[in-house]
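# Commentary on secondary and tertiary structure
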Amino acid sequence: MTMSGTPDDVGSVPGPAVAGHGTGGSGEPDSAVPWWRDTVCYEIYPRSFADGDGDGVGDLPGATARLDHLRELGVDAVWITPFYPSPLADGGYDITDHTAVAPDLGTQADFDALVQRAHALGVKVLVDLVPNHTSDEHPWFREGLAARPGSRARERYIFRPGRGENGELPPNDWQSAFGGPAWTRVQESDGSPGEWYLHLHAPQQPDLNWRDHEVVADFERILKHWLDRGVDGFRVDVAHTLFKEQGLPDAGAGQHQDIHRNHLMPYYDQEELHPLFRSWRALLDSHPAPAGAVPPGERVMVAEAGIFDRERLARYVSPGEMQQTFNFAFLESRWDGAAMRNVVEQSVAGMQAVGAPVTWVLSSHDAIRPVTRYGGGQVGERRARAAALLMLALPGAAYVYQGEELGLPQVELADDRLRDPLWERSGHQDRGRDGCRVPLPWEGDAAPYGFSTAAPEDCWFPQPTDWAGLSAMTQEKDGDSMLTLYRRALRLRRDHPASDAALKLDGPDSGEWFGFERGSGLRCVVNFGAQPLPLDDDADVLLSSAPLDGRGIPQDTAVWMTLKEYDSE
Ligand code: GLC
């Protein structure tokens, strides 16, 4: 019986297989299954991942130098969040040039070196495509501001006259997802108060007009640029927001308060998205690939779509559109057996209807770290470990956000260190997302823990003083650490490919516990209830998120096991 790992096991964790999909039990990748269907992709937030030049900010050469960590972890792909030139009004999602590298993060040659190294390690590379908005310092927006109302330059964005006698009221009642109105009034070049422009996020992120042919053409250029650089796919930022309902009708009360109503908002989930996504897919499927990258038909697009109606969400991954869409319902679920079970079942049913895999996600650069979200301290850590084994056993793809594999908690940063626009836009009610963007601890006893050679006070976010025990190097040597759990889970996952059979969950209606079979003989059981759950007599435990209580699975514990009945098959 194996528990949550021993140091001896750790040394033998192999690097990723050539393809991230099943081996059909033969040890050979099953070439009929596209690699992305059950891939494990690691999200790199580059400014906080690893600093190569000692300026206190993570960068592309720093990331390249740490790719071995990801190989040891056993991921199949990386997604790198925006590394493009940006005034950083929204952590890099306000872009001035979508086909360049931010000078503080490196050069195009550094990006090429990263891709080359990743590919040499058998790791695929996805980059972020941010099509909904640009920075307000983008040359197009500057040109629009300098131009007159009604001019061609303004058509690339959404400029409108205001309401009220003198245009002093915003054109409609739309609210920004970051709080406050989604409109800002400009001063015309003659100094007079002028039109308003739309920004569903920060005012420094004006929304593009996706009914403008130049916008459409420019994003084709951007896609081709990164494909020519060898990327294997794209994560598409706020994919549900690109088109706004014609006539820009009011959205009414309660905007951004109930995610389950998102698809009803006039600025989300519009019909015209789907022909656009089909055209991108056709481009990805046909544009030639350079050496080292996956061939045209195998490139992937993953939608960040904040849509929670499962039928509406499934449309983003219907045939000929994107292949994956993050399953945020799983991330949003509270730690409760009945709630989790319901989310798993609903998510699988929704995606099955269009033949797409579920893309599981427990954390990202936008979410409170799982350890903290699930209750913090030892309870939170215990649940985050169980959640990891649950996620990694489920059939489908999984995305792991940097530091999740180290079990990092959300950091409570001082007010004067907060950068997220949510903090100011919410009138200091919402501390925003900076607490999950603190630089990773790699090694050593004190900050910056190998993240940088800069002094701790010169790092772009300060790290806690008690993170030495969470560093990757410390955890590598600890058979019970979160890192060891993730490594072991990723290795076992590859040895036990998911079957195509429909997922069936078993367990009581109360949700005290539930279990399911991944296929290839691996069964996962999660106990949420206070009572220890007896293990099946014929179970061989492969991995457990916490020590077992004799032959009982304690509360907040997930176990991976094989059953003897499979062994005899
Ligand atoms: C996405 C990004 C988030 C950003 C927003 C606006 O949700 O993940 O970080 O703030 O888009 O671009």
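Residues numbered from 1 in each chain as written. Predicted model: local features only at pLDDT ≥ 70, side-chain atom pairs only at ≥ 80, totals over all residues. Heavy atoms only, no water.

On to the overall build of the protein, then. Summing up its helical and strand segments, the protein has 16 helices and 17 strands in all. Relative to its length of 569 residues, the protein is compact, with a C-alpha radius of gyration of 24 Å against a globular reference of 25 Å. For the protein, the spread of C-alpha atoms along the three principal axes comes to 80 × 50 × 50 Å. Of all intrachain contacts in the protein linking residues separated by at least 6 positions in sequence, the fraction that spans at least 24 positions is 68%. Put simply, the protein shows about 21300 Å² of open surface, and 50% of that area lies on carbon and sulfur atoms. Positive and negative side-chain charges in the protein, numbering 51 and 87 respectively, have mean positions lying 2 Å apart. (Helix = DSSP H or I, 4+ residues; strand = E, 2+ residues; numbered from the N terminus. Rg over C-alpha atoms; globule rule 2.2 N^0.38 Å. Contact = heavy atoms within 4.5 Å. Areas by Shrake-Rupley, 256 points an atom, 1.4 Å probe, with all protein chains shown as cover. Lys, Arg positive; Asp, Glu negative; His and termini not counted. Charge placed at Lys NZ, Arg CZ, Asp CG, Glu CD.)

Right, let's get into the pairing of strand β2 (residues 77-80). Burial along β2 is two-sided: the residues Ala77 and Trp79 and Val78 and Ile80 are all buried. Across 4 bridges, strand β1 (residues 40-44) lies against β2 in parallel orientation. Along β2, the bridge assignment pairs glutamate 43 with tryptophan 79. Of the strand pairs in this sheet, β2 and strand β3 (residues 124-129) are connected by 4 bridges, and their pairing is parallel. Following the sheet pairing, alanine 77 is matched in β3 by lysine 124. (Buried < 20%, exposed > 50% of the residue type's maximum accessible area, 1.4 Å probe, protein only. Pairing = 2+ DSSP bridges.)

Before going further, it helps to spend a moment on the sheet that holds strand β11 (residues 397-401). Taken together, the 8 strands give a closed barrel; going around it, the order is β1-β2-β3-β7-β8-β9-β10-β11, and neighbouring strands pair in parallel fashion. Across this sheet, the average inter-strand angle for adjacent strands is 25°, counted without regard to direction. Each of β3 and β7 (233-236) is contacted by helix α6 (residues 213-228), which is oriented at about 160° to β3, the strand it contacts most. (Axes fitted to C-alpha atoms, helices over the stretch in contact; angles between N-to-C directions.)

In the contact formed by helix α12 (residues 377-393) and helix α15 (residues 482-495), the axes pass within 10 Å of each other and the chain directions differ by 15°. By the angle between their directions, the pair α12 and α15 is classed as roughly parallel. The interaxial crossing formed by α12 with α15 has right-handed handedness. Touching Glu381, Ala384, Arg385, Ala388, Leu389, Met391 and Leu392 of α12 are Met482, Leu485, Tyr486, Ala489, Leu490 and Arg493, all from α15. Residue composition of the contact of α12 with α15, grouped by class: 10 nonpolar, no polar and 3 charged. (Parallel < 35°, antiparallel > 145°, perpendicular 65-115°, else oblique. Left-handed = near helix turned anticlockwise from the far one by under 90°. Nonpolar A, V, L, I, M, F, W, Y, C, P; charged D, E, K, R; others polar.)

In sheet architecture, strand pairing relies on hydrogen bonds along the backbone and comes in two forms, parallel and antiparallel. Overall, antiparallel pairing links the 3 strands, which are arranged β4-β6-β5 in an open sheet. Strands at the two margins of the open sheet, each flanked by one partner only, are β4 (159-160) and β5 (183-187). Where β5 meets strand β6 (residues 193-198), 4 bridges bridge the pair, whose relative direction is antiparallel. Within β6, the position partnered with arginine 185 by the bridge is tryptophan 196.

Bringing empty space enclosed by the protein into the picture now. The full count for this structure, using the stated rule, is 4 cavities of 30 Å³ or more. Together, Leu88, Ala89, Asp90, Gly91, Arg419, Asp420, Pro421, Asp434, Arg437, Trp460 and Phe461 line the second largest cavity. Of the residues assigned to the lining of the second largest cavity, the class counts are 5 nonpolar, 1 polar and 5 charged. (1 Å grid on protein atoms, 1.4 Å probe; cavity = no way out; pocket = protein on both sides within 12 Å on 5 of 7 lines; lining within 4 Å. Points joined across faces, edges and corners; volume = space filled by probe spheres on them.)

Around the ligand sit 14 residues, and of these Asp90, His133, Asp237, Glu304 and Asp366 come closest. Contacts to the ligand include arginine 235, whose side-chain N or O atom sits 2.9 Å from an oxygen atom. The side chain of aspartate 237 places a nitrogen or oxygen atom 2.8 Å from an oxygen atom of the ligand. When the ligand sits alone it has 310 Å² of accessible area, and the protein chains cover 96% of it. Class assignment for the residues of the shell around the ligand results in 3 nonpolar, 4 polar and 7 charged. (Near = heavy atom within 4 Å. Polar contact = N/O pair within 3.5 Å; in protein donor to acceptor, adjacent residues only side chain to side chain.)

Turning our eyes to something else, we now look at the domain arrangement of the protein. By the assigned domains, the protein splits into domain 1 (34-134 + 212-493) and domain 2 (139-198). The C-alpha-based centres of domain 1 and domain 2 are spaced at 31 Å. In this complex, domain 1 contributes 24 residues to the contact, which on the side of domain 2 involves 21 residues. For the domain 1 and domain 2 pair, buried surface summed over both sides reaches about 1800 Å², with 54% attributable to carbon and sulfur atoms. (Domains from an automatic or database assignment. Buried area = accessible area lost by both parts, 1.4 Å probe.)

So, about the nonpolar core. Ranked by size, the top nonpolar core spans 145 residues in total, and within it Tyr42, Phe83, Phe111, Trp280, Phe330 and Trp560 carry the most contacts. The biggest single contributor to this core is α12, with 9 residues. Each of domain 1 (34-134 + 212-493) and domain 2 (139-198) gives at least three residues to this core. Beyond its immediate stretch of four places on either side in the chain, phenylalanine 111 contacts Leu60, Ile80, Phe83, Val101, Val127, Trp226, Arg229 and Val231. One finds Ile158, Trp174, Ala182 and Ala251 within the second-largest nonpolar core, a separate group that totals 12 residues. (Core = buried A, V, L, I, M, F, W, Y, C linked by side-chain atoms within 4.5 Å.)

On to the packing of α6 against helix α7 (residues 273-286), then. Where α6 contacts α7, the axes come no closer than 11 Å and their chain directions differ by 30°. As the angle between them shows, α6 and α7 are arranged roughly parallel. Crossing hand, α6 versus α7: right-handed. Facing Glu220, Leu223, Lys224 and Leu227 of α6, the residues of α7 in contact are Trp280, Leu283 and Leu284.

Quick look at the side chain of histidine 133 now. Tracing the sequence through the fold places histidine 133 in the loop between β3 and α5 (139-146). The exposure class of histidine 133 is buried, given its relative accessible area of 2%. In terms of polar contacts, histidine 133 uses its side chain to reach the backbone carbonyl oxygen of tyrosine 93, at 3.3 Å. Apart from residues lying up to four places away in sequence, histidine 133 is in contact with Tyr93, His98, His201, Gln205, Pro206, Asp207, Leu208, Asp237 and Val238.

This part covers the environment of aspartate 480. Tracing the backbone shows aspartate 480 in the loop between α14 (472-476) and α15. A relative accessible area of 47% means that aspartate 480 is categorised as partly exposed. On a C-alpha basis, the gap between aspartate 480 and alanine 546 in space is 8.5 Å, while along the polypeptide they are 66 residues apart.

This part takes up α6. Each α-helix turn comprises 3.6 residues. Residues three or four places apart therefore point the same way. The end-to-end C-alpha distance of α6, which contains 16 residues, comes to 23 Å, matching closely the 22 Å that a straight helix rising 1.5 Å per residue would cover. Among all positions of α6, only Val215, Asp218, Phe219, Ile222, Leu223, His225, Trp226 and Leu227 are buried. Measuring from the backbone nitrogen of glutamate 214 back to the side-chain oxygen at the start of α6 gives 3.1 Å, which picks out aspartate 212 as the cap. A positive phi of about 95° marks glycine 230, the residue just after α6. (Expected span 1.5 Å × (residues − 1).)

A word on the pattern of salt bridges. Taken as a whole, this structure holds 36 salt bridges when the rule is applied. The closest approach of N and O atoms between aspartate 212 and arginine 152, which form a salt bridge, is 2.8 Å. Of this pair, aspartate 212 sits in the loop between β6 and α6 while arginine 152 is found in the loop between α5 and β4, placing the two residues 60 residues apart along the sequence. The buried category is assigned to aspartate 212, whose relative accessible area is 4%. Bridged by salt links that share partners, the residues Glu143, Arg152, Glu155, Arg156, Asp212 and Glu214 form one connected network. (Salt bridge = Lys/Arg side-chain N within 4 Å of Asp/Glu carboxyl O.)

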